[in-house]
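What follows is the residue order along each chain.
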Amino acid sequence: LPSNGITSMVVDGEFIWIGTWSGLCKINTKTFEISRINLAEGDIVRSLHKDRKQNIWIGTAHGLVRYADGTYKTYTTQNSTLSHNTIRSIWEDSDGTIWIGTYDKLNKFLPRENEFIVFDLKGEYRPELKNNLICDIKPVTDDEKSLWVGTETGLCLFNKIDGSYTRYVRKNAGLSNEVIKTIYSGPEGKLWLGTDFGLNVFDPQTSSSERYFHNP
């Protein structure tokens, strides 16, 4: 393995792609043979996603990489309209659109143009933060026009049609922490949120949260 620090995995037939803090590799699940994939030297891989066309999307610290038909194409701020080179999350919605969360802002990929539309979900909130970190992206149950987006400034209910959003934070949702690292859609439409301080179970119907903490 390139590193013992595993960041992400995705199944691709009889292979598992594994992202680490020191690069990317593939494991053959029948022979357990490991083959390293050379991206940038020692590049950090933060996220992996396989889309419905069987393309592998690789989020690194130095750009977004798409593996398709045996070739790798890298998108960066230098060769495209991608908002930031550090990729934190990748999600394909029900329409087949690829959404990319970066260290600064949310991106919608336009395949025909090979470009990106960028959305700032911070607005005027927390002006002391110079970036708009996007940590996780998940679908909204029974609502194909919306996405749940975990950011450094709260949980956002994002409208894919017009780009508007509603932000849930401590003040209006009782969250224990506004850095939403990971989102899981649980029973009864509730969201389980992993934050920088505590586990939150958020109910969108009541805009309230149950908070859980480690008891030493």
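Draft legend 1. Geometry of the pattern of salt bridges. A complete count under the given rule lists 12 salt bridges for this structure. Across the pair Lys-160 and Asp-95 runs a salt bridge, and its minimum N-O distance is 3.7 Å. Separated by 65 residues along the polypeptide, Lys-160 in the loop between β15 (154-159) and β16 (165-168) and Asp-95 in the loop between β9 (87-92) and β10 (98-102) bring together distant segments of the chain. On the basis of relative accessible area, Lys-160 is assigned to the buried category, the value being 9%. With a shortest N-O distance of 3.1 Å, Asp-104 and Lys-105 are connected by a salt bridge.

Draft legend 2. Broad picture of a nonpolar patch on the surface. On the surface, a cluster of nonpolar side chains totalling about 370 Å² of accessible area is made up of Leu-1, Ile-6, Met-9 and Ile-34. Classification of Leu-1 as partly exposed rests on a relative accessible area of 44%.

Draft legend 3. Layout of the sheet that holds strand β7 (residues 63-68). Here 4 strands make up an open sheet; going across it, the order is β5-β6-β7-β8 and the pairing antiparallel. Pairing within the sheet leaves two strands with one partner each, and these edge strands are β5 (45-50) and β8 (71-75). The average undirected angle you get between the axes of adjacent strands in this sheet is 20°. In the sheet, β7 pairs with β8 via 5 bridges, with the strands oriented antiparallel. Paired with Val-65 across the two strands is Thr-74, which belongs to β8.

Draft legend 4. Layout of the environment of Arg-167. Within the secondary structure, Arg-167 is located in strand β16. With a relative accessible area of 16%, Arg-167 lands in the buried category. In this structure the C-alpha to C-alpha distance between Arg-167 and Trp-99, which are 68 residues apart in sequence, comes to 18 Å.

Draft legend 5. Expanded view of the environment of His-62. Structurally, the position occupied by His-62 is in the loop between β6 (56-60) and β7. Between the C-alpha atoms of His-62 and Asn-85, which are 23 residues apart in sequence, the distance is 4.9 Å. Ignoring sequence-local partners within four residues, the contact set of His-62 consists of Asp-43, Thr-76 and Asn-85. There is a polar contact of 2.7 Å between the side chain of His-62 and the side chain of Asp-43.

Analysis parameters
- Residues numbered from 1 in each chain as written.
- Predicted model: local features only at pLDDT ≥ 70, side-chain atom pairs only at ≥ 80, totals over all residues.
- Heavy atoms only, no water.
- Salt bridge = Lys/Arg side-chain N within 4 Å of Asp/Glu carboxyl O.
- Helix = DSSP H or I, 4+ residues; strand = E, 2+ residues; numbered from the N terminus.
- Buried < 20%, exposed > 50% of the residue type's maximum accessible area, 1.4 Å probe, protein only.
- Patch = residues over 30% accessible without salt bridge, like charges linked within 9 Å, V, L, I, M, F, W, Y side chains within 5 Å.
- Areas by Shrake-Rupley, 256 points an atom, 1.4 Å probe, with all protein chains shown as cover.
- Pairing = 2+ DSSP bridges.
- Axes fitted to C-alpha atoms, helices over the stretch in contact; angles between N-to-C directions.
- Contact = heavy atoms within 4.5 Å.
- Polar contact = N/O pair within 3.5 Å; in protein donor to acceptor, adjacent residues only side chain to side chain.

No statement about biological role is implied by the geometric values presented.
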